Each structure stands twice: as structure tokens, then as C-alpha cells.
Amino acid sequence: MKNQYVGDIGDFGKYSMLRAFIDAGIKVGVNWYLTEDDGSNDGKFTDYLNKGVMRRYCPEVFDALKGIAKNKDKSVFDIEKSGILPGTVFYSEILKPEGTPNDREQERSSWFQESLYELKDAELIFMDPDNGLLESNDATKLGGEKYVLPSEVESYFIEGHNVVYYCHKGRRPYEQWEAHKSLMFKRIKDAKPAILTYHKGSQRSYIFLIHDKDFVKYRKVIDGILGGWYKVFSEEYTSKGNAAGESVGDAFEIEYAGARYTIEKRADGKIQMKSSKEPNTTRIVTVDMFLRDIGF
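Residues numbered from 1 in each chain as written. Predicted model: local features only at pLDDT ≥ 70, side-chain atom pairs only at ≥ 80, totals over all residues. Heavy atoms only, no water.

Two elements in contact, helix α1 (residues 9–23) and helix α9 (residues 215–228), have axes whose closest approach is 10 Å; the angle formed by their N-to-C orientations is 135 degrees. Between α1 and α9, the crossing angle belongs to the class labelled oblique. As for how α1 packs across α9, the hand of that crossing is right-handed. In contact with M17, A20 and F21 of α1, α9 contributes Y218, V221, I222 and I225. Split into classes, the residues belonging to the contact of α1 with α9 amount to 7 nonpolar, no polar and no charged. (Axes fitted to C-alpha atoms, helices over the stretch in contact; angles between N-to-C directions. Helix = DSSP H or I, 4+ residues; strand = E, 2+ residues; numbered from the N terminus. Parallel < 35°, antiparallel > 145°, perpendicular 65-115°, else oblique. Left-handed = near helix turned anticlockwise from the far one by under 90°. Contact = heavy atoms within 4.5 Å. Nonpolar A, V, L, I, M, F, W, Y, C, P; charged D, E, K, R; others polar.)

Below, the discussion takes up the environment of G224. Among the secondary structure elements, G224 is positioned in helix α9. Owing to a relative accessible area of 46%, G224 belongs among the partly exposed residues under this scheme. Sequence separation of G224 and A20 is 204 residues, and the distance between their C-alpha atoms is 8.2 Å. (Buried < 20%, exposed > 50% of the residue type's maximum accessible area, 1.4 Å probe, protein only.)

Before going further, it helps to spend a moment on the packing of aromatic side chains. Taken as a whole and judged by the stated rule, the model has 16 aromatic pairs. A ring pair is formed by F12 and F62, whose centres lie 5.9 Å apart and whose planes are at 90 degrees; its orientation type is edge-to-face. Of this pair, F12 sits in helix α1 while F62 sits in helix α3 (residues 59–68), placing them 50 residues apart in sequence. Across the pair, F62 and F12 agree in class, each one buried. Members of the aromatic cluster, connected to one another through ring pairs, are F12, Y48, Y57, F62, Y198, W229 and F233. When the ring centre of Y117 is taken as reference, the NZ or CZ atom of K120 above it lies at 4.2 Å. For K192, the ring lying beneath its charged end belongs to F215, and the centroid distance is 6.0 Å. (Phe/Tyr/Trp six-rings, centres within 6.5 Å; stacked < 30°, edge-to-face > 60°. Lys NZ or Arg CZ within 6 Å of the ring centre and 35° of its normal.)

Compared with the 26 Å implied by 1.5 Å per residue over 18 residues, the 26 Å span of helix α5 (residues 101–118) between its first and last C-alpha is a close match. Restricting attention to buried positions, one finds in α5 the residues R104, R108, W111, F112, S115 and L116. An end-on view of α5 places all buried positions within 145 degrees of arc, on one side of the element. Residues of α5 that are buried in the fold lie against β1 (28–31), β2 (89–91), β5 (147–148) and α6 (150–158). (Expected span 1.5 Å × (residues − 1). Arc of directions from axis to C-beta.)

What follows is about the environment of Y117. Inspection of the secondary structure puts Y117 in helix α5. Placed 26 residues apart in sequence, Y117 and Y91 show a C-alpha to C-alpha distance of 9.5 Å.

This paragraph deals with empty space enclosed by the protein. Here the structure, examined in full by the defined rule, presents 1 cavity of 30 Å³ or more. In this model, the largest cavity occupies a volume close to 60 Å³. In terms of lining, the largest cavity is formed by L226, W229, Y230, K231, F233, S234, E235, R283, I284, V285 and M289. Secondary structure elements with two or more residues in the lining of the largest cavity: β9 (233–235) and β13 (282–285). Tallied by class, the residues present in the lining of the largest cavity amount to 7 nonpolar, 1 polar and 3 charged. (1 Å grid on protein atoms, 1.4 Å probe; cavity = no way out; pocket = protein on both sides within 12 Å on 5 of 7 lines; lining within 4 Å. Points joined across faces, edges and corners; volume = space filled by probe spheres on them.)

Another point: the pattern of salt bridges. Proximity of charged atoms lets side chains of opposite charge pair with each other. Counted under the stated rule, the structure contains 19 salt bridges. The shortest N-O distance in the salt bridge between R187 and E154 comes to 2.9 Å. In this pair, R187 sits in helix α8 (residues 183–187) while E154 sits in helix α6, placing the two residues 33 residues apart along the sequence. Residue classification places E154 among the partly exposed residues on the basis of a relative accessible area of 21%. E236 is the partner of K181 in a salt bridge, and the nearest nitrogen-oxygen pair spans 2.7 Å. Placement of K181 in helix α7 (residues 174–181) and of E236 in the loop between β9 and β10 (247–256) is noted, with a sequence separation of 55 residues between them. (Salt bridge = Lys/Arg side-chain N within 4 Å of Asp/Glu carboxyl O.)

Have a look at this one:
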């Protein structure tokens, strides 16, 4: 996360998603993975705040960001003070390892250990790096501060927290993205998986690793987001899957409005749907939502 990103259209989806968990009584902790601004145009997509179309999804977050985004010196501390994430605990130390490889490794380790203490009371920890997950634990890698390390995700989970981290597909082809988004599910075999993808601006995915005892509660929140943010948030398939998402019966295909839809019924009664227009995305919808999507 960089201060320059505060208030952009991705920020709106992120805080609104976290707000849904907070409203469900879940104590949230945020590790910003804060890095220095870089002078790029990233984070300047705030025109949505002048149009108001998105406000209906979460008015409290929208109105707060509209005031914050116009500040020249906007920062994550404005978010912390705004009250849009009530009861949340934050870890805001900037991540900037310097020196020799050994120095960088030690600095990052100390930085992360401090975050464990600061976020110890959180049930759900949100990790917010610039780019997502590094596929190795090389803390000495130049530019590594823009990523979470697999060992850091695992440490939070082992400490008893549920975890969600930001990740974007970038330029990965389909096969690489499928492998990457499921990497931590294979590493932490006790974790129940879920992936929410936000489709405004560049594609942003939020990858959840949930303890078994909390899974039903978290699924209710996730299903609420999918229902209330129809076509803005979608759920992606994971290679690990879960019992609720197992297919029942044979898949079938229909064509509608120039697209081919592959349809499967899930064990939980929902519909799993993939469109030829969005081959990388699997939507999980109710029967009513499915009928609405194809125009019935």
C-alpha cells in the first residue's frame, strides 16, 4: 500500500469489503505493508467519487473517501482516523528494508514480528501489499517490500488469525494465475479457501485463508457481499475447493447475448457459472441471480 493510493476506486472496494466483516461482528486488523510513494499515476483513479454511481454499495465509505481523496497529503492515517473501519487495529510502520541482504532480512523480520504483536487481538488480518504474494520467502529480494511473503501469511494463520491478502493477476496467463492464486491453500492445508475478485478499475483479488471453526460465519459474509455487489465482486474457483462448492449433477451450456455460459449446480444449492466473455472468472450465484443475469 502507498499513501498515493488512498481513495482510488480500488480503495473503495477494499474498505467496503472489510466493513462487511466488521458489521458482522468480526474484529479486523490491517497490516498496510506501507511503502513509499513513487510519483507514478497509480492511485489517481478517483473520478468515481464525483459521479456517485458507486455510492449505493457503501455510502459511509464513499462519503468518507470523497473528503479524504481530495487532500494533497492524503495518507492511510486519514483512513485510520475516519472511522470507516470501526474497531479495527492497524499496523502502519513503513516497510523499507535497506543495506546488505542480511540487513534487509533482519529488518523485515523485526518489522513483521512487531506486526504480530500490534495485531494480536484481530480475528481477521488483512495484508495489503502493493503487488500481492511473493512465491518465495526471499526477504532480500529487491522490491520484495511490495509483496507479502508466504511465511508471513502462514505465521498469522498459525497464530490463530484468519487471513486475507490482496493480490492482482497482472499479466499472468490463465494457467499461471490459477496456480498462483491457490499457492497458499496448498501450503496451509488446514485453511478453508475463498477468493473474492473486485472488477472496478484493474482486477483485484482478495485471497482468504479461514479456520474451519469460522468458515460458516465467514461464508455468510462473503455470500452477502456477492449478493449485494452483483457483478462488482465475484468469487473465483480454487483448486482446493470446499464441500459446499462441490458440483451436483452434470454441467450444461447455454448461449445468450453472444456468450456461452457453462452452468453447474453446487451442493449448497447455488449456481456456479462461467462465461466465455470472462474465462478466468467463476461466478457463484443464487438461482434468482442467475435468471436475472441471463435476462429472465
